[in-house]
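Notes for the structure review
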Amino acid sequence: MGMCFLEMFRVKQNCFCFSLILSHNFIEVLIILCCAVLAGGVAGVCVDLILFPLDTVKTRLQSPQGFRKAGGFRGIYAGVPSTAIGSFPNAAVFFITYENVKSMLHHGSASYLAPATHMVAASLAEVVACLIRVPSEVVKQRAQVSPSSSTLQILSRTLYHEGIQGLYRGYKSTVLREDLWSWKQGHVVDSWQSAVCGAFAGGFAAAVTTPLDVAKTRIMLAKAGSSNASGNVLAVLGSIWRTQGLLGLFAGVVPRMAGISLGGFIFLGTYEKTRQLLL
């Protein structure tokens, strides 16, 4: 859920950066940019933690054992330590990669190539950021469907049985899902009015990409050695379609749409307040 709000912050950050460079010295710009990144990180963490119950419900609805067997409404914050630890560094790695790639691609390029530059930079940033995000997501989702086990127990069990590669189960499906988000996010979020529009657009995009999210969940939760554990997204989608049909492909669509739509408002308010306190 967090990456769509990172994109929201990124386009907002870019808008005031250029004018600052024209009117301030380098040190002042650097301080303001650091505050912006910190505010974006804090806002992202707040969104992830406040809306974590919705994410848990979504994961349990998408799990192969079904909502009740996965825990129902018990232990709704199971796995939250993994999200709390991974959220901020994930945001930092994304922004650092995005800005560096964009600077390299933008140098000497024509203005009409700006959208392509954004998409390439954002996609590469997602690939790098997912190196942090995916292990956090794997541990979080496995804890969400096993509320009786602690986050540390889930991590230890995964490393013992599957090694480090077990923490990167679902990497390809996660990158694919997040890259689609990157291409959809391209508008500046600078007011509550635009946040409303963004909430509707985000909700629609969340619905469209739900099958990929379901496939990611099934891959991450699959037992080692099973067919889903191979990480073949198309094979997993095909299996879900054959056994559960359209309802299976769109499992958890309501909490997913609600979480992403509400998250936009929480992100914007937290970001603005944090930036004001820092500056």
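Here is what the cut-offs are and how they apply
- Residues numbered from 1 in each chain as written.
- Predicted model: local features only at pLDDT ≥ 70, side-chain atom pairs only at ≥ 80, totals over all residues.
- Heavy atoms only, no water.
- Helix = DSSP H or I, 4+ residues; strand = E, 2+ residues; numbered from the N terminus.
- Buried < 20%, exposed > 50% of the residue type's maximum accessible area, 1.4 Å probe, protein only.
- Contact = heavy atoms within 4.5 Å.
- Phe/Tyr/Trp six-rings, centres within 6.5 Å; stacked < 30°, edge-to-face > 60°.
- Axes fitted to C-alpha atoms, helices over the stretch in contact; angles between N-to-C directions.
- Parallel < 35°, antiparallel > 145°, perpendicular 65-115°, else oblique.
- Nonpolar A, V, L, I, M, F, W, Y, C, P; charged D, E, K, R; others polar.
- Expected span 1.5 Å × (residues − 1).
- Arc of directions from axis to C-beta.

Looking now at the environment of F67. For F67, the position within the fold is in the loop between α3 (52-62) and α4 (80-106). When its relative accessible area of 19% is taken as the criterion, F67 is described as buried. It is 8.7 Å that separates the C-alpha atoms of F67 and V145, two residues lying 78 residues apart in sequence.

As for its placement among the helices and strands, M257 is situated in helix α11 (residues 253-278). Overall, M257 belongs to the partly exposed group, its relative accessible area being 31%. For the pair formed by M257 and A199, sequence separation is 58 residues and the distance between their alpha carbons is 9.1 Å. Here M257 is in contact with G203, A206 and A207, once residues within four sequence places are set aside.

Our focus in this paragraph is the packing of aromatic side chains. Per the counting criterion, the structure on display carries four aromatic pairs. Measuring from centroid to centroid gives 5.0 Å for F67 and F73, while their planes differ by 75 degrees, and the two rings are edge-to-face. The class of F73 is exposed, set by a relative accessible area of 66%. Here F94 and Y98 contribute two aromatic rings whose centre-to-centre distance is 6.2 Å and whose plane-to-plane angle is 10 degrees, an arrangement assigned as stacked. Linking F94 with Y98, this pair stays in helix α4, spanning four residues, or about one helical turn. No difference in accessibility class separates F94 from Y98, as the two residues are buried.

Looking now at the packing of helix α5 (residues 114-144) against helix α9 (residues 210-221). The relative placement of two packed helices is expressed as an angle between their axes plus a distance between the axes. The geometry of α5 relative to α9 is characterised by a closest axis approach of 9 Å and an angle of 75 degrees between their N-to-C directions. Between α5 and α9, the angle falls in the class roughly perpendicular. Packed against α5, whose contacting residues are V134, E137, V138, Q141 and R142, the element α9 presents K216, T217, M220 and L221 at the interface. Class assignment for the residues of the contact of α5 with α9 results in four nonpolar, two polar and three charged.

Next up on the list: helix α6 (residues 151-162). Between the first and last C-alpha of α6 there are 16 Å, a value that for twelve residues agrees with the 16 Å anticipated at 1.5 Å per step. Along α6, the positions that sit buried rather than exposed are T151, I154, T158 and E162. Viewed along the axis of α6, the buried residues span an arc of 60 degrees, placing them on a single side of the element. Turned more than 90 degrees off the buried face of α6, the exposed positions are L152 and Y160. Where α6 is buried, its residues touch α4 and α5. G163 lies just past α6 and shows a positive phi near 75 degrees.

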